[in-house]
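# Fold and geometry: a report
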Amino acid sequence: MMLAFLRNAPSPLFGRRGVDLDFPMLAGCLALLGLGLVMITSASSEVAAVNAGNSMYHMIRHLIYVLLGLGAAAAVLLVPLSVWQRLDWMLLLAAFALLILVLIPGIGREVNGSMRWIGFGAFNVQPSELAKLFVVVYLAGYLVRRQQEVRESLWGFFKPFLVLMPMAALLLLEPDFGATVVMMGAAVAMLFLGGVGLIRFSLLVLLAVGAVFVLVQTQEYRLQRLITFTDPWADQYGAGYQLTQALIAFGRGEWLGVGLGNSVQKQFYLPEAHTDFVFSVLAEELGMVGALLTIALFAFVGIRALYIGLAAERSRQFFAAYVAWGLAFLWLGQFLINVGVNVGLLPTKGLTLPFLSYGGSSLVVTCASMALLLRIEWESRTVLGSEDTEFNEADFAETPALRKKEVAHGR
């Protein structure tokens, strides 16, 4: 019944014009998904052959995740943004519930010393991935409801952090320092774009830097990572092993790479070659040219997401604009941290590369985020949901009046 309702509602999948999506954004994301599948197949072949007896094991699982992600994306495209806005607080409660459940022994699964996954048979769900998405949706709703208070009142500016700080604490208990940094960074950026004054924003940035410094000092392994990444060759067979192997991969790749499938570092030299360090294997096999083209593709997708938010703001769809900006900052933040770790500019963090890294939860949530951005672009282009526009059934008929209402799509 719900599916029939969503199918009959206006959407970019079942409209009078058929499938009506932002082609540049969709093409960029699908290109990254395809590249990710190819690189996972290559980077995981040796590990899968030894551990699972099938060199295609991780490729098959990743392909299943891609199909699940595309299915989730299709479902998200059917849901109007007004539904997300009405349910923002429920999504926030769901995020808290999942982050609490993952810390309960017997429910959460511990991998490499971290309790970040909830097991469902052969698959694991990572609550932090959902939490980041739900926080963006909730904060977008808050900025719309309290826009004036956020811009003019110090209390209105700090109130969201009464919610975000407990969530950050739950993430740190897993521990998942990388997800905490990305989530809080996206939240701060959304507040800045929401109209927060420069003085209050600068104060928040100083507090955030101070908090990161304290968190690094309170955990020995974080401090060790910070010290190691500055000179990994000082302990290349110990704490600096992973980073030195990643740098060797970049060095072997030179300009044009050693060829797809010919990586040496993936043969048990580089740990997590198909997850956190898949970009290093990509650079080794496709060379500096391939790595730079991949970065350019990521930059295009991120900038396109920011542009979608700007178009939504111009259509006076402020909730949609804040969601688009929040998702863009989540993608760009995670991308910058992952690539920074791979090239040795940042301390090692367990963050996947959006669209490319192996991982079910990350991939499915990333695809859902892509669909949410496509839905935002479609609604802002068709002026659907604008606070200055009211619709009835006649507005969705194929009439000259409708054609006049539609805004030309810059492609």
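The shown structure was predicted, so the numbers you read here are calculated from the model rather than taken from an experiment. (Residues numbered from 1 in each chain as written. Predicted model: local features only at pLDDT ≥ 70, side-chain atom pairs only at ≥ 80, totals over all residues. Heavy atoms only, no water.)

## Re the overall build of the protein chain
Put simply, the test is: In this description a helix means any DSSP run of H or I spanning at least four residues, a strand means any run of E spanning at least two, and both kinds are numbered starting from the N terminus. Throughout this description, buried means an accessible area under 20% of the type-specific maximum (1.4 Å probe, protein chains only), exposed means over 50%, and partly exposed covers the range between. Whether two residues are in contact is decided by their heavy atoms, any of which lying within 4.5 Å being enough. The method behind every accessible area is Shrake-Rupley, applied with a 1.4 Å probe, and residues are considered shielded solely by the protein chains displayed.
In terms of helices and strands, the protein chain carries 18 helices and 3 strands. The 411 residues of the protein chain split such that 50% are buried. At a minimum sequence separation of 6, the contacts of the protein chain that also span at least 24 residues come to 69%. Counting every atom, the protein chain has about 18800 Å² of accessible surface; 67% of that belongs to carbon and sulfur.

## Here's the deal with the pairing of strand β2 (residues 114-120)
Quick note on the threshold: Should DSSP find at least two bridges between two strands, the strands are taken to pair.
Burial of β2 is extensive: 5 of the 7 residues sit out of reach of the surface. Here strand β1 (residues 108-111) runs beside β2; their pairing, made up of 4 bridges, is antiparallel. Residue Glu-110 lies in a different strand from β2, and its bridge partner there is Met-115. The turn joining β1 and β2, which pair antiparallel and follow one another in sequence, is formed by 2 residues; a positive phi near 55 degrees is taken by Asn-112. Of the pairings in the sheet, the one linking β2 to strand β3 (residues 123-125) comprises 3 bridges and is antiparallel in character. Along β3, the bridge assignment pairs Gly-119 with Asn-124.

## A word on a nonpolar patch on the surface
This is how it is decided: Surface patches are drawn from residues lacking salt bridges whose relative accessible area is over 30%; two like charges belong together within 9 Å, two nonpolar side chains (Val, Leu, Ile, Met, Phe, Trp, Tyr) within 5 Å. Salt bridges are defined as contacts in which a side-chain nitrogen from Lys or Arg sits within 4 Å of a carboxyl oxygen from Asp or Glu.
On the surface, a cluster of nonpolar side chains totalling about 660 Å² of accessible area is made up of Trp-255, Leu-256, Met-288, Val-289, Leu-292 and Leu-293. With a relative accessible area of 47%, Leu-292 lands in the partly exposed category.

## A closer look at the sheet that holds β1
Put simply, the test is: Axes here refer to lines fitted to C-alpha atoms; in helices the fit is confined to the stretch in contact. Angles between the N-to-C directions go from 0 to 180 degrees.
Spatial strand order, β1-β2-β3: 3 strands in an open sheet with antiparallel pairing. Taken across any chain shown, the strands that pair with only one partner, and hence form the sheet edges, are β1 and β3. Between one strand and the next, the sheet's axes are offset by a mean angle of 55 degrees, whatever the strand orientation.

## Here's the deal with the pattern of salt bridges
One pass over the structure, following the stated rule, counts 10 salt bridges. One salt bridge connects Asp-88 with Arg-145, and the closest N-O pair in it is separated by 2.7 Å. Residue Asp-88 is located in helix α6 (residues 88-101), and its partner Arg-145 is located in helix α7 (residues 127-145); the two are separated by 57 residues in the primary sequence. It is possible to trace a salt-bridge network through shared partners that takes in Asp-20, Glu-377 and Arg-381.

## Some thoughts on the confidence of the model for the protein chain
For the record, the criterion: What pLDDT reports is the predictor's confidence in each residue, on a scale of 0 through 100.
Across the protein chain, pLDDT averages 85, with 87% of residues at or above 70. Within the protein chain, the lowest mean pLDDT, 43, falls on helix α18 (residues 400-405), and the highest, 96, falls on helix α15 (residues 278-314). Here residues 385-411 is modelled with pLDDT under 50, and outside its nearest four sequence neighbours on either side it reaches 39 contacts, counting other chains as well.

## Notes on helix α2 (residues 23-43)
Helical geometry: 3.6 residues make up each α-helical turn, so side chains three or four residues apart lie on a common side. Here is the rule: What a helix should span is 1.5 Å times the count of its residues minus one.
In a regular helix each residue adds 1.5 Å, so 21 residues correspond to 30 Å; α2 covers 30 Å between its end C-alpha atoms and thus fits that length. Along α2, the residues that are buried comprise Pro-24, Met-25, Gly-28, Cys-29, Leu-32, Leu-33, Gly-36, Met-39, Ile-40, Ser-42 and Ala-43. On its buried side, α2 packs onto α3 (45-51), α4 (57-78), α15, α16 (318-342) and α17 (360-381).

## Comments concerning the environment of Val-181
Along the chain, the position of Val-181 falls in helix α11 (residues 177-193). A relative accessible area of 34% means that Val-181 is categorised as partly exposed. With 27 residues separating them in the primary sequence, Val-181 and Ala-208 have C-alpha atoms 9.4 Å apart.

## Overview of the environment of Phe-355
Structurally, Phe-355 can be placed in the loop between α16 and α17. It is 5.8 Å that separates the C-alpha atoms of Phe-355 and Leu-32, two residues lying 323 residues apart in sequence. Setting aside residues up to four positions removed in sequence, Phe-355 forms contacts with Cys-29, Leu-32, Leu-33, Gly-36, Phe-298, Trp-331, Leu-363, Thr-366 and Met-370.

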